[in-house]
Amino acid sequence: MNNPFTILGIAGSLRKGSYNRAALRAAQALAPEGTRVETFDLDGIPPFNQDEEKQPPAKVTELKARIRSADAILFVTPEYNYSIPGVLKNAIDWASRPYGDNAWDGKPVAVMGASIGNVGTARAQYHLRQVFVFLNMHPINQPEVMIGNAAERFDAEGNLVDENTRKHIRRLLEALVSWARRHEKGSQATSA
Ligand SMILES: Cc1cc2nc3c(=O)[nH]c(=O)nc-3n(C[C@H](O)[C@H](O)[C@H](O)COP(=O)(O)O)c2cc1C
């Protein structure tokens, strides 16, 4: 049997009742056939210190290995003060270093996010897309999944109960898989 297509999902919140972590759990359940959405929890990653980038903490080494073994990345970001939460940016920075050993390099990526406000993380997502440029990640543009008014879309146990949002997440995952497959074919053709 072929190995499943693996998406590494990273939620940018450490909160137990996090809507973004709940959205990532929903994505795991909505993965297209032949695809597995794995998760990496950012809890326990210390603040980035460039003095340690050549001997990073074990959790960062593990993160870099998990990124490299995944076929694609899915970021599920909250919006903090109109931008990317520190815990997520911190993990991105660790895994991008030291210079020349950027684990994100060339990875296909999709982004979604949930917020209690009605703009649904749009501003944080566009900041994250700017970061993808220097990381040399390859993002899909659409669909954009911005889950506003999250408190109304998840039940008290953190299940995503809004059918329209579930449909959007399914479409996002399908688009990411097809983009990553095209990307893989393209890189095989250029390396042949
Ligand atoms: C420090 C901080 C800043 C926030 N800034 C924003 C913001 O700019 N836009 C927004 O829509 N929500 C903002 N919120 C509310 C978040 O959308 C809400 O806390 C959300 O539940 C966070 O994601 P989580 O449930 O995955 O932890 C902010 C929350 C915190 C704690």
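The following refers to the structure shown. The shown structure was predicted, so the numbers you read here are calculated from the model rather than taken from an experiment.

**Describing the overall build of the protein chain**
Step number 1: Counting secondary structure elements, the protein chain contains 5 helices and 6 strands.
Step number 2: Helices and strands in the protein chain line up, N terminus first, as β-α-β-α-β-α-β-α-β-β-α.
Step number 3: Taking 2.2 N^0.38 as the reference for a compact globule, 192 residues should give roughly 16 Å; the C-alpha atoms of the protein chain span a radius of gyration of 16 Å, in line with that estimate.
Step number 4: Principal-axis analysis of the C-alpha atoms places the extent of the protein chain at approximately 45 × 40 × 30 Å.

**Considering the site of the ligand**
Step number 1: Neighbouring residues of the ligand: 14 residues in total, closest Ser13, Ser18, Asn20, Pro78 and Gly117.
Step number 2: Each residue belonging to the shell around the ligand can be placed in one class, and the counts come to 6 nonpolar, 6 polar and 2 charged.

**A word on the pairing of strand β1 (residues 5-11)**
Step number 1: Extensive coverage of β1 is indicated by the burial of 6 of its 7 residues.
Step number 2: By the bridge criterion, 5 bridges tie β1 to strand β2 (residues 35-39) in an arrangement that is parallel. Across the sheet, residue Phe5 finds its bridge partner in β2, namely Thr35.
Step number 3: In the classification by handedness, the crossover that spans β1, the intervening helix α1 (residues 19-30) and the parallel β2 is right-handed.
Step number 4: With 5 bridges connecting them, β1 and strand β3 (residues 72-76) associate as parallel partners. When the sheet's bridge partners are listed, Ile10 is paired in β3 with Phe75.

**Here's the deal with the pairing of β3**
Step number 1: The buried count for β3 comes to 5 of 5 residues, which makes it a mostly enclosed element.
Step number 2: Side chains Ala72, Leu74 and Val76 project from β3 onto one buried face, and the interleaved Ile73 and Phe75 project onto a second face that is buried too.
Step number 3: Direction of pairing for β3 relative to strand β4 (residues 108-114): parallel, over a ladder of 4 bridges. Its bridge partner lying in β4, Val76 is registered against Met112.
Step number 4: Running through helix α3 (residues 86-95), the crossover from β3 to the neighbouring parallel element β4 is right-handed.

**Regarding unusual backbone geometry**
Step number 1: In this structure, the amide linkage connecting Arg97 to the following residue, Pro98, adopts the cis form with an omega of -10 degrees.
Step number 2: Position of Pro98 among the secondary structure elements: in the loop between α3 and β4.
Step number 3: Here the bond from Gln142 into Pro143 is cis, since omega is 0 degrees, no more than 30 degrees from zero.
Step number 4: A positive phi angle, close to 45 degrees, is found at Asn81, a residue other than glycine.
Step number 5: Residue Tyr82 is not a glycine yet carries a positive backbone phi of 70 degrees.
Step number 6: In this fold, Tyr82 is placed in the loop between β3 and α3.

**Here we look at the environment of Ala122**
Step number 1: Relative to the helices and strands, Ala122 resides in helix α4 (residues 122-135).
Step number 2: Assessed through the 16 C-beta atoms surrounding it within 10 Å, Ala122 is described here as partly exposed.
Step number 3: Here the alpha-carbon distance between Ala122 and His168, two residues 46 residues apart in the chain, equals 15 Å.

**Some details on α1**
Step number 1: For α1, built from 12 residues, the straight-helix expectation of 16 Å at 1.5 Å per residue is met to within 8% by its first-to-last C-alpha distance of 16 Å.
Step number 2: Where burial is concerned, most of α1 is hidden: 9 out of the 12 residues are buried.
Step number 3: Along α1, the positions that sit buried rather than exposed are Tyr19, Asn20, Arg21, Ala22, Ala23, Leu24, Arg25, Ala26 and Ala27.

**As for the packing of helix α2 (residues 58-69) against α3**
Step number 1: Running from N to C, α2 and α3 cross one another at 80 degrees; their axes reach a closest spacing of 9 Å. The orientation of α2 relative to α3 falls into the category roughly perpendicular. For the pair α2 and α3, the contacting residues are Val60, Leu63, Lys64 and Ile67 in the first and Ala91, Trp94 and Ala95 in the second.
Step number 2: For the contact of α2 with α3, the class distribution of residues is 6 nonpolar, no polar and 1 charged.

Calculation notes
Residues numbered from 1 in each chain as written. Predicted model: local features only at pLDDT ≥ 70, side-chain atom pairs only at ≥ 80, totals over all residues. Helix = DSSP H or I, 4+ residues; strand = E, 2+ residues; numbered from the N terminus. Rg over C-alpha atoms; globule rule 2.2 N^0.38 Å. Near = placed C-beta within 6 Å. Nonpolar A, V, L, I, M, F, W, Y, C, P; charged D, E, K, R; others polar. Buried ≥ 20, exposed ≤ 12 C-beta atoms within 10 Å, placed from the backbone. Pairing = 2+ DSSP bridges. Right-handed = clockwise from strand over helix to strand, strands pointing away. Expected span 1.5 Å × (residues − 1). Axes fitted to C-alpha atoms, helices over the stretch in contact; angles between N-to-C directions. Parallel < 35°, antiparallel > 145°, perpendicular 65-115°, else oblique. Contact = placed C-beta atoms within 7 Å.

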